[in-house]
Amino acid sequence: MDLHALTNDPEGIVEADRAHVWHHLLQHKPHDHGVDPRIIVEGKGLKVWDIKGKEHIDSVSGGVWTVNVGYGRERIARAVGDQLTKMCFFGGTAGTIPGATFSQMLIDKMPGLDRVYFANSGSEANEKGFKMVRQISHKHHGGKKSKILYRERDYHGTTITCLSAGGQEERNAQYGPYTPGFVSVPHCLEYRSQDGSNGEAYTAASLKAIEDVILREGADTIGSLCLEPITAGGGIITPPVGYWDGVQALCKKYNILLHIDEVVCGLGRTGTWFGYQQFGVQPDIVTMAKGVASGYAAISCCVTTNAVFEQFKDDTDKLGYFRDISTFGGCTAGPAAAIENMHIIQEEGLLENSTTMGEHLKANLHALMEKHRWIGDVRGKGLFAGAELVMDRDSKEPVDEKTVAAIVGDCMKQGVIIGATNRSLPGFNNTLLFAPALIATKDDLDHITDAVDQAITRVLG
Ligand code: PMP
């Protein structure tokens, strides 16, 4: 096959994709029945163009909340190109100049944290965090402090072990048996309060639910508690006021490491560098991926305190160091892109923009809620928001999966890409998601929410 000709032949590309590409998360059956695979060919700012030439405004930063600084940043591409030409890769025990530079930049924004461990994906970074906790348990607690707590509705990645720490049943089903030693605590979505309480009472009940699990399992068997700062794919769950203070206090009281998964919230998504900084908590382990290089290169990090790191320094024990590696943790494209990404966020005031435009986005969604009785709740922080759809505000019966898909599809026809929560668990499958690039303007956001307004009217009336 003439590959040069293929690359310049849109129909040939669509057919090659239909025949050979296994897309993430996709039910492929419609591709057998005339629906073409979606192929995105170009992006600039918040906009992307597909292979048929149609323009879309992207309210989910590359589909999976990644392109925080927007598309088409030549500055990042140039920095990556220059770095790869000079020194593309060196893995294993050696460091690199962009690795050290980016670590310094990152740690400057994360008071109380000290060490950066490089990997490639969010799942992998979380797995590193879990392995650190397990090794500390074996090295210092006779293997006893190995359990890891996670929360219902949170997601920490796609490997079998990350799924074992995943609180979204619909993602986990059919992939067991799971890795042992992971124990769940209840979710903290006040809108779907488990006991009907709200406000301070709900916060207290949510914290008591975590403490009950700690006491049931035994604090001396638990190494860490792993949480998303704001649950992302599980429904944009902003924790109730006071929740994070309470979580921190529980971790201190029971000597449990706090591992915060910033894979989505990291690098400005919520209006601060990291989501946890919205809540004034001090984690021991922080994992991040998507926004670290905004998708211009694959990079993730597991960042720890010196207190965690020092537990691996031990020259009397030859098994004492962290016996973990990630081959492509030695690729310099990641930190080279991440350095420019951070400069852009800083120089263009994107944290501030995420905060102010996030308020605008939420105000627009609240206005839609006034207009459409189908919107039961609006949640989020910064340019990270969700609108939960219900059939009835009193019963909170969720709208069904097909209706959510129809609204997303209607927006797509209008040239607006929006997201929705993973679809199959009643009560959680019904939230529209918005996480545009942090450069979004009022006009962009009005364009997005106008499309949602029309879609809801057309689909639900
Ligand atoms: N943690 C969270 C909170 C996520 O949303 C995701 C991915 N959506 C991951 C971890 C896993 O990241 P990756 O797909 O890069 O492995």
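All values derive from a computational prediction rather than experimental measurement.

A. Inspection of the site of the ligand at higher detail. Neighbouring residues of the ligand: 16 residues in total, closest S121, G122, S123, G157 and V263. Among the residues forming the shell around the ligand, the class breakdown is six nonpolar, eight polar and two charged.

B. Just the domain arrangement of the protein chain, in detail. When the domains of the protein chain are assigned, the result is domain 1 (38-69 + 349-460) and domain 2 (74-347). Taking the mean C-alpha position of each, domain 1 and domain 2 sit 26 Å from one another. At the interface, 32 residues of domain 1 touch 31 residues of domain 2. Those elements that provide at least two residues to the side of domain 1 that touches domain 2 are α4 (61-65), α14 (350-371), β11 (375-380), β12 (385-389) and β15 (431-434). Its residues placed into classes, the side of domain 1 that touches domain 2 shows 14 nonpolar, 14 polar and four charged.

C. Up close: α14. The end-to-end C-alpha distance of α14 is 31 Å, a good match for the 32 Å that 22 residues give at a rise of 1.5 Å each. Taken together, the buried positions of α14 are occupied by L350, L351, N353, S354, M357, G358, L361, K362, N364 and L365. In this fold, the buried residues of α14 make contact with α13 (333-347), β11, β12, β15 and α16 (442-460).

D. View of the pairing of strand β1 (residues 40-44). Bridge analysis of β1 against strand β2 (residues 47-50) gives four bridges, and the strand direction is antiparallel. By the bridge assignment, G43 is partnered in β2 with V48. Linkage of β1 to β2, two consecutive antiparallel strands, is achieved through a turn of two residues, within which G45 is found at a positive phi near 65°.

E. Fine view of helix α10 (residues 199-217). Helix length check: α10 (19 residues) gives 28 Å between terminal C-alpha atoms against 27 Å at 1.5 Å per residue, within 8%. Those residues of α10 that are buried are in contact with β6 (182-185), β7 (222-227) and α11 (243-253). Taken from the residues just after α10, G218 is the one with a positive phi, measuring 95°.

Rules of the game
- Residues numbered from 1 in each chain as written.
- Predicted model: local features only at pLDDT ≥ 70, side-chain atom pairs only at ≥ 80, totals over all residues.
- Near = placed C-beta within 6 Å.
- Nonpolar A, V, L, I, M, F, W, Y, C, P; charged D, E, K, R; others polar.
- Domains from an automatic or database assignment.
- Contact = placed C-beta atoms within 7 Å.
- Helix = DSSP H or I, 4+ residues; strand = E, 2+ residues; numbered from the N terminus.
- Expected span 1.5 Å × (residues − 1).
- Buried ≥ 20, exposed ≤ 12 C-beta atoms within 10 Å, placed from the backbone.
- Pairing = 2+ DSSP bridges.

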